[in-house]
Structures are given as structure tokens and as C-alpha cells.
Amino acid sequence: MTARHLLLVGGGHSHVEVVRRFGHRPLPGTTVTLLSRDRFTPYSGMLPGYIAGHYRYRDVHIDLQALAATAGIDFVRASVSGLDRDAGTVVTASGAAYPYDAVSLDIGSTPDPGETGADRHAVAAKPIDGFDARWRALLERVCADPTPRRIAVVGGGAGGVELVLAMQHRLTGELRARDADPSVLRFALYTRGTTLLPTHNPRVQRRFRRLFARRAIDLQCGQAVTGVDAHGLTTADGRHHRADEVIWVTRARGADWLANTGLALDAQGFVRVSDTLQSVTDARVFAAGDIASMDNQPRAKAGVIAVRQGPPLARNLRRFLRHQPLRPHHPQRHWLALVTTGDRHAVASRGAFSTGGRLIWHAKDWIDRRFMRRYRPARDATPGV
Ligand SMILES: Cc1cc2nc3c(=O)[nH]c(=O)nc-3n(C[C@H](O)[C@H](O)[C@H](O)COP(=O)(O)OP(=O)(O)OC[C@H]3O[C@@H](n4cnc5c(N)ncnc54)[C@H](O)[C@@H]3O)c2cc1C
């Protein structure tokens, strides 16, 4: 019997669980290969805590190469740039082609700056390694030269809210530790929506509005950003707002190369999938996480959704390769979101429920660390900083 090939493209939140499961229970006659652009992949739930200074790099990153080695599957560090569905191969940016019997995509989303100029003048929060380098540089600049600066975050979802609060906590803390005046730093958040955290209940929104007021973060709701330049940003009403740094945490789309695959994509370029997490165009192509757009059950782009898709994705890939019928996945409609506030406090939000405080942060910390332990192999080489 010739070996079947399962290719996992991208080391996102769903695929780390697929790798773990195929390691625990290998599928005879199948070689599994994980292709990912980065060796160290971040866990989104802990990213704001990393920015705030509560975690080190190694606390929030999974070493994909070590995880794959432990699971007995191949790891290739490569950026995938195409899918030749007729030939049944995945093509990388360096021109290598990898044959597959089934392929699964978990490559996350790409920032969509549109025509705003944000691609040249703003720092995108994703991919996170690019952001990490710019963030470290900003941290050094601010510490070396604590002069007045205005830092603007664009995006009123959980990512933008957590990021501005985490950055403020860290940067002002660093200045205080150096006996410098933290009030030289000004922070602002711009969102096109009429409120921040639009997918959360009004009590959560009020909590964060009050918190922003207490922390003197300039909250600009109903302000769609139409331009970003070297001196700041412009909003839809034509006003220019000075900013020394602009961080882009809004509007995401699917990777450009997907447009050439012939797969059905939604309006934002994400892969349209059925309830079995298979492309609606091609049953051999699976997708999960941000890059997947479920036709029948649309959900927000969130790490928690990607994490929960891991087990059903692993099960269906296994069943597909065994020619067994696949099972539908029904993602939760509501889940408990724990939104951090930068300072080891968090707000719990689910449906109409909301509560907040230090205990919630500690509960989240415990849950997140437990999650990371599942993917930390013995020979993990994640840098410790
Ligand atoms: C600042 C910030 C904070 C956030 N906080 C939260 C939070 O607290 N809770 C929450 O639920 N969500 C949060 N999110 C959203 C969350 O980050 C995403 O929903 C989540 O990361 C999506 O996971 P994923 O598995 O789809 O992809 P990702 O985690 O983005 O992983 C994609 C993987 O694919 C690889 N890859 C990408 N392109 C290629 C390619 N062409 N070839 C090969 N490999 C490739 C990457 O290297 C990476 O390993 C936050 C987002 C941001 C920006």
C-alpha cells in the first residue's frame, strides 16, 4: 500500500491539537507533515499579557518543530504560496511542491490596510513576530528617550482593547521604574463602531469605557480611519490626528494566494467551509481557525474558536483518510471571553453576564498556562526572553 500524505499548512491554534492527536494515535499508512512559516507560534490568549510584561516569549509561544518531533511527524519551515489542486500539491514560496491526499489550512488572517497607507505607516498586530520586533524597538526608544508621544491603536475589538491597555501598562511602568514621568505618553483607541467591544454585552462595554476614562485613554468611537501617514492618521470626517505610533488591529482578510486556488472564498477572502470543515469546493481541502469561514455557522475570528475546532478537525481528517463518513462540527454560539486590562485584572463576559477583577485574571492565567503545557514538549527550544 502506498503511503497517504496529510499536509497541515500553518501552525495555528487548531493544528497544534491535530499534531498532538496524530502523535498520540498515529494513522497507519499515513505520513503527516506540518508546513509553517514560523517555528514559534504565539498563543493569542496570552499575547496581551506578554506585551504587558507578565509573560516571557517562551511562555506564550509553542515550538512547532519540537511539538512535531515529539508527535513523530515531519516539520518543514516554509511559507506556502499556492495550492495546485489538479496535481494535488502544495507549493511553497521557494518553489518546492509537496503532494497531498488531504490538506488542511490553519494559517490565520492577514491585516487588511485597504488604501489607508497603514501598510507603510502603521504596525500590524499580525503576524505577531513582525509586531514583536517593532514593539521591542518601541519599548527601547521610549525607555531611552522618555519624551512626549501619542500612541494610537486602530480597532475596537478585544485585540485592540487588550493591546492598548497592555501597552499603556508596560510603557508607563517602565518609565516609572526609571523615575521618568509616565504622563508624557498619551494613548488613544480609534474604532469605526459606535462602541468598543461590539460583540460583548453593554455591561462589559460600560466597564471598559469607564476604565478607559480612568486610565485617560482617548477613546474615539465612530471614527473610521481612512488614512495613515508618517505623522498620524486621518478619520472619515477629514480630521487629522497626530500620532507617533499607529498600531493596526482591525480589518483582516484571507491570504492573497488563496484567490488563485479556485477555492470558494467569502467576501473577505476566507475559505468557505461546510460543517465538516471541508472547503465547499474541494473535499480534500480542510480549513480551520481564522482562515475558515463556516457557511452555515458564521462565528467571530477568535483564538477560542480556532482552539475548539482542533479536535473535530483531527477527527474528520482521520475519518477522511480512512474513507469513513465525516461528522459535522457545531461551534458554540456563546463562550466565556476573558478580556484582560493590562494590569493582572480581567473581565469575564458571556451573553449578558459580566464580572471582573484580579481573581478572573488569575483564573485566566491558570487556564492559559494549562493550555500551553499540553503543547510543551520535553526538548522545547523556545527562546526564554
Ligand atoms: C493583539 C491580539 C490579541 C488577541 N487576543 C485574543 C484573545 O485574547 N482571545 C481570542 O480568542 N482571540 C484573540 N485574538 C484573535 C486571535 O489571535 C486569532 O483569532 C487567532 O490567532 C487565530 O488562530 P489561527 O489558528 O487561525 O491562526 P494563527 O494563530 O494566526 O496561526 C497561523 C499560523 O500559520 C502560519 N502561517 C501563516 N501563513 C502561512 C503560510 N503562507 N504558510 C505557512 N504557514 C503560514 C503562521 O506562522 C502561524 O503559525 C487576538 C488577536 C490579536 C491581534
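Here the residue numbers are simple positions, counted from 1 along each chain's written sequence. Local features in a predicted model are, by the rule used here, given only for residues with pLDDT of at least 70; side-chain atom pairs are given and counted only at 80 or more, and totals for whole chains, interfaces and linings are based on all residues. Computation of side-chain values: all heavy atoms of the structure, hydrogens and water removed.

A. The nonpolar core, seen in detail. To define a nonpolar core, start from buried Ala, Val, Leu, Ile, Met, Phe, Trp, Tyr and Cys residues and group those joined through side-chain atoms within 4.5 Å. For every residue, the accessible area obtained with a 1.4 Å probe (protein chains only) is divided by the maximum for its type, and the residue is called buried under 20%, exposed over 50%, and partly exposed between those limits. Ranked by internal contacts, the top residues of the largest apolar core, which has 99 residues, are V90, V103, L105, M167, L171, F208 and F212. Of the residues forming this core, the biggest block, eight residues, is contributed by helix α7 (residues 158-177). Domain delimitation follows an automatic or database domain assignment. Domain assignment of the residues forming this core places at least three in each of domain 1 (4-37 + 78-109 + 254-332) and domain 2 (112-250). Contacts are assigned to residue pairs with any non-hydrogen atoms lying within 4.5 Å of each other. With near-sequence residues (within four places) excluded, V103 lies in contact with L7, V9, L83, V90, R284, V285 and F286. Secondary structure elements follow DSSP: runs of H or I no shorter than four residues count as helices, runs of E no shorter than two count as strands, and numbering proceeds from the N terminus.

B. Summary view of the packing of aromatic side chains. Here the aromatic set is Phe, Tyr and Trp, taking the six-membered ring for Trp, and pairing holds for ring centres within 6.5 Å; pairs whose planes are under 30 degrees apart are stacked, those over 60 apart are edge-to-face, and all others are tilted. For the coordinates displayed, the defined rule picks out six aromatic pairs. Between Y50 and Y57, the aromatic rings sit 6.3 Å apart at their centres with planes inclined by 75 degrees, giving edge-to-face as the arrangement. By relative accessible area, which is 8% here, Y50 ends up buried. Ring geometry for F286 versus F320: centroids 5.5 Å apart, planes at 80 degrees, classification edge-to-face. Of this pair, F286 sits in strand β21 (residues 285-287) while F320 sits in helix α9 (residues 303-321), and the two are 34 residues apart along the sequence. F286 gets classed as buried once you look at its relative accessible area, which sits at 0%. Taken together, F40, Y50 and Y57 form an aromatic cluster joined through their ring pairs. Geometrically, a charge over a ring is one whose NZ (Lys) or CZ (Arg) sits within 6 Å of the ring centre while staying within 35 degrees of the ring normal. Positioned above the aromatic ring of F270 is the side chain of K301, whose terminal nitrogen or guanidinium carbon lies 4.0 Å from the ring centre. Above the plane of the ring of F22 lies R318, whose end atom (NZ or CZ) is 4.6 Å from the centre.

C. Representation of the domain arrangement of the chain in the model. Structurally, the chain comprises domain 1 (4-37 + 78-109 + 254-332) and domain 2 (112-250). Here domain 1 and domain 2 have C-alpha centroids that lie 33 Å from each other.

D. View of the layout of surface pockets. A pocket here means an open set of points on a 1 Å grid, computed over the protein atoms alone, that has protein on both sides within 12 Å along at least five of seven lines. A cavity is instead a set of points where a 1.4 Å probe fits but cannot get out; residues with an atom within 4 Å of a point line either one. Grid points are joined across faces, edges and corners, and a volume is the space filled by probe spheres set on the points. When its volume is computed, the second largest pocket comes out at roughly 250 Å³. What lines the second largest pocket is simply Q168, H169, T172, G173, R176, P182, S183, L185, R186, F187, R215 and A216. Contributions of two or more residues to the lining of the second largest pocket are made by α7 and β13 (185-190). It is α7 that contributes the most residues to the lining of the second largest pocket, five residues altogether. Residue type decides the class: Asp, Glu, Lys and Arg count as charged, Ala, Val, Leu, Ile, Met, Phe, Trp, Tyr, Cys and Pro as nonpolar, and the leftover types, Gly among them, as polar. Residues belonging to the lining of the second largest pocket are distributed by class as follows: four nonpolar, five polar and three charged.

E. Representation of unusual backbone geometry within the structure. Positioned with a positive phi, D179 is a non-glycine residue whose angle comes to about 60 degrees. Its place among the elements puts D179 in the loop between α7 and β13. In this structure, L277 is a non-glycine residue whose phi angle is positive, near 70 degrees. Within the fold, L277 resides in the loop between β20 (271-273) and β21.

F. How the structure looks around α7. For α7, which comprises 20 residues, the first-to-last C-alpha distance of 28 Å matches the rise-based estimate of 28 Å (1.5 Å per residue) to within 8%. Downstream of α7 by a residue or two, D179 has a phi angle that is positive, lying close to 60 degrees. The span one expects for a helix is its residue count, reduced by one, times 1.5 Å.

G. Region of interest: a positive patch on the surface. Each patch is built from residues that are more than 30% exposed by relative accessible area and take part in no salt bridge. Like charges join if they lie within 9 Å; nonpolar side chains (Val, Leu, Ile, Met, Phe, Trp, Tyr) join within 5 Å. Residue-level accessible areas treat just the shown protein chains as cover; the underlying method is Shrake-Rupley with a 1.4 Å probe. By definition, a salt bridge exists where a carboxyl oxygen of Asp or Glu is found within 4 Å of a side-chain nitrogen of Lys or Arg. In this tally, Lys and Arg are treated as positive and Asp and Glu as negative; His is ignored, and so are the chain termini. Lysine's charge is taken at NZ, arginine's at CZ, aspartate's at CG and glutamate's at CD. A contiguous patch of positive charge on the surface is contributed by R203, R206, R209, R210 and R214. One can find R214 in helix α8 (residues 202-214).

H. Representation of empty space enclosed by the protein in the model. Within the structure shown, the criterion is met by four cavities of 30 Å³ or more. Of the voids in this model, the largest cavity is the one considered here, and its volume is about 90 Å³. Lining the largest cavity are 14 residues, with P48, G49, Y55, T340 and W361 positioned closest to its centre. Elements that contribute at least two residues to the lining of the largest cavity include exactly α2 (47-52) and α10 (358-374). No other element matches α10, which puts four residues into the lining of the largest cavity. Residues belonging to the lining of the largest cavity are distributed by class as follows: six nonpolar, five polar and three charged. In this structure, the second largest cavity spans a volume of roughly 40 Å³. Every residue lining the second largest cavity is listed: G11, G12, H13, V16, T41, P42, Y43, I62 and F371.

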